[in-house]
Amino acid sequence: MKQSLFVTGTDTDVGKTVLSALLCAALDGIYWKPIQTGASEGTDRQTVKRWANLPDERTIPERYLFEPPVSPHLAARQSGTTIELSQIQLPPHPETTLIVEGAGGVLVPVNETELMIDLMQQLNLPVIAAARSALGTINHTLLTVGALRGRGLDVKAVVMLGDKNEENERAVEHYGNVRVAGRVPRLESINREALLAAYRSHFDRSLFE
Ligand SMILES: Nc1ncnc2c1ncn2[C@@H]1O[C@H](COP(=O)(O)OP(=O)(O)OP(=O)(O)O)[C@@H](O)[C@H]1O
Ligand SMILES: [Mg+2]
């Protein structure tokens, strides 16, 4: 069976959706974002469909979808509901790579007692962590990797987004004991061809295929 992946990040807006679109295009994957907030500004599912040029059937509808662009616990509360992790099960995906995108970073609350990392632990997929390549990334990335490993999760790789910064990559690998297995350079226009070109030029493909 093909290996599915959970794409998390060191922060919101760090490039998880860009990376998910790239992985869907490169690995012929199916995209799923179980918890989406900020739907009033568009959903990541729509964005991935556009960027990776995926047909409808290559994305799976969200399990929880909220309009306000706030943390999941708050978006749910404002909508008069509660996110129940027991209601989020991995969809069937025979012979296909599922690319699952989290909301925000690993310690984002999803309800009054649980965090995004609890969902990750429940789904138990190998994790790819999206991180900025720029200053500040060492601290954020090491904190993220440490939290994931503390829950026994398999951190398959870190992928950096932005201009190449060799020292930051080296430091994350050295202090985090983790592979930086790819980088998505700043793309002028995000589309399937550009994402596939980035994958071919800037990723250790042996880790993903
Ligand atoms: N390599 C890149 N080249 C060009 N633009 C990028 C790149 N990485 C990120 N961006 C831009 O940064 C913004 C945030 O990226 P993205 O939506 O992938 O973040 P995210 O981590 O998925 O955020 P969220 O937490 O809301 O899901 C997007 O508007 C995207 O266009
Ligand atoms: Mg996103």
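1. Considerations on the overall build of the chain
Here's step 1: If you tally the helices and strands in the chain, you get 7 helices and 9 strands.
Here's step 2: A principal-axis box enclosing the C-alpha atoms of the chain has dimensions of 45 × 35 × 35 Å.
Here's step 3: Sequence separation of at least 24 residues holds for 72% of the intrachain contacts in the chain that already meet a minimum separation of 6.
Here's step 4: Of the accessible surface of the chain, which amounts to about 9800 Å², a share of 47% is contributed by carbon and sulfur atoms.
Here's step 5: Counting 21 positive and 25 negative side-chain charges, the chain places the averaged centre of each group 3 Å from the other.

2. Some details on the packing of helix α1 (residues 16-27) against helix α7 (residues 192-202)
Here's step 1: α7 packs onto α1 with a crossing angle of 85° between their chain directions and a minimal axis gap of 9 Å. Classified by the interaxial angle, the pair formed by α1 and α7 is roughly perpendicular. Along the contact surface, α1 presents Val 18, Ala 21, Leu 22, Ala 25, Ala 26 and Leu 27, while α7 presents Arg 192, Leu 195, Leu 196, Ala 198 and Tyr 199.
Here's step 2: Taken together, the residues of the contact of α1 with α7 break down into 10 nonpolar, no polar and 1 charged.

3. Examining the nonpolar core
Here's step 1: Counting 36 residues, the largest nonpolar core has Ile 35, Ile 83, Ile 88, Met 116, Leu 148 and Val 158 as its most contacted members.
Here's step 2: Only β2 (30-32), α3 (72-78), β6 (98-101), α4 (116-123), β7 (127-132), α5 (137-150) and β8 (155-161) provide two or more residues apiece to this core.
Here's step 3: Leave out the neighbours within four places in its chain, and Ile 35 touches Tyr 64, Pro 72, Ile 83, Ile 88, Ala 103, Val 110, Met 116 and Leu 119.
Here's step 4: By size, the runner-up hydrophobic cluster in this structure holds 29 residues, among which are Val 7, Leu 54, Ile 128 and Ala 157.

4. Quick notes on the pattern of salt bridges
Here's step 1: Per the stated rule, a full pass over the model turns up 13 salt bridges.
Here's step 2: Two residues, Asp 11 and Arg 132, come together in a salt bridge whose shortest N-O distance is 3.6 Å. Residue Asp 11 is found in the loop between β1 (5-9) and α1, and its partner Arg 132 is found in strand β7; the two are separated by 121 residues along the sequence.
Here's step 3: Note on Arg 132: relative accessible area 32%, which makes it partly exposed.
Here's step 4: Across the pair Arg 77 and Glu 112 runs a salt bridge whose closest N-O atoms are separated by 3.4 Å. With Arg 77 in helix α3 and Glu 112 in the loop between β6 and α4, this pair connects stretches of sequence that are 35 residues apart.
Here's step 5: Each member of the salt-bridge network shares a partner with another, and the members are Lys 33, Asp 44 and Glu 101.

5. Points about the packing of aromatic side chains
Here's step 1: Inspection of the entire model under this criterion finds 4 aromatic pairs.
Here's step 2: Aromatic side chains Tyr 64 and Phe 66 sit 6.3 Å apart centroid to centroid with 10° between the ring planes, which places their arrangement in the stacked category.
Here's step 3: Given the relative accessible area of 9%, Tyr 64 is considered buried.
Here's step 4: Phe 66 sits in the buried class, given a relative accessible area of 5%.
Here's step 5: Residues Phe 203 and Phe 208 carry aromatic rings whose centres are separated by 5.7 Å and whose planes lie at 65° to one another, so their mutual orientation is edge-to-face.

Rules behind the numbers
- One numbering rule holds for all chains: residues counted from 1, following each sequence as written.
- Just so you know, chain letters begin at A and ligand numbers begin at 1, following the order they were written in.
- The predicted nature of this model means local features are confined to residues of pLDDT at least 70 and side-chain atom pairs, given and counted, to a pLDDT of 80 or more, with totals for whole chains, interfaces and linings taken over all residues.
- For side-chain calculations, the full set of non-hydrogen atoms in the structure is used, while hydrogens and water are omitted.
- In this description a helix means any DSSP run of H or I spanning at least four residues, a strand means any run of E spanning at least two, and both kinds are numbered starting from the N terminus.
- Any two residues whose heavy atoms approach within 4.5 Å at even a single point are treated as in contact.
- Note on areas: Shrake-Rupley, 1.4 Å probe, and residue coverage restricted to the protein chains presented here.
- Asp and Glu count as negative and Lys and Arg as positive, but His and the ends of the chain are not part of the count.
- A charge is said to be at NZ when it belongs to Lys, at CZ for Arg, at CG for Asp and at CD for Glu.
- Convention adopted: a line fitted to C-alpha atoms gives each axis, helices being fitted over their contacting stretch, and angles between N-to-C directions are expressed from 0 to 180 degrees.
- Each angle gets one of four labels, with under 35 degrees taken as roughly parallel, over 145 as roughly antiparallel, 65 to 115 as roughly perpendicular, and the rest as oblique.
- Under the scheme applied, nonpolar residues are Ala, Val, Leu, Ile, Met, Phe, Trp, Tyr, Cys and Pro; charged residues are Asp, Glu, Lys and Arg; polar residues are all the others, including Gly.
- For our purposes a nonpolar core is just a set of buried Ala, Val, Leu, Ile, Met, Phe, Trp, Tyr and Cys residues, chained together by side-chain atoms within 4.5 Å.
- Partly exposed residues are those whose accessible area sits between 20% and 50% of the maximum for their type, while under 20% is buried and over 50% is exposed, using a 1.4 Å probe and protein chains only.
- We define a salt bridge as a side-chain nitrogen of Lys or Arg found within 4 Å of a carboxyl oxygen belonging to Asp or Glu.
- Aromatic rings from Phe, Tyr and Trp, with only the six-membered ring used for Trp, were paired whenever their centres fell within 6.5 Å, and each pair was classed as stacked if the ring planes differed by under 30 degrees, edge-to-face if by over 60, and tilted otherwise.

None of the figures reported here should be taken as evidence of function without further support.
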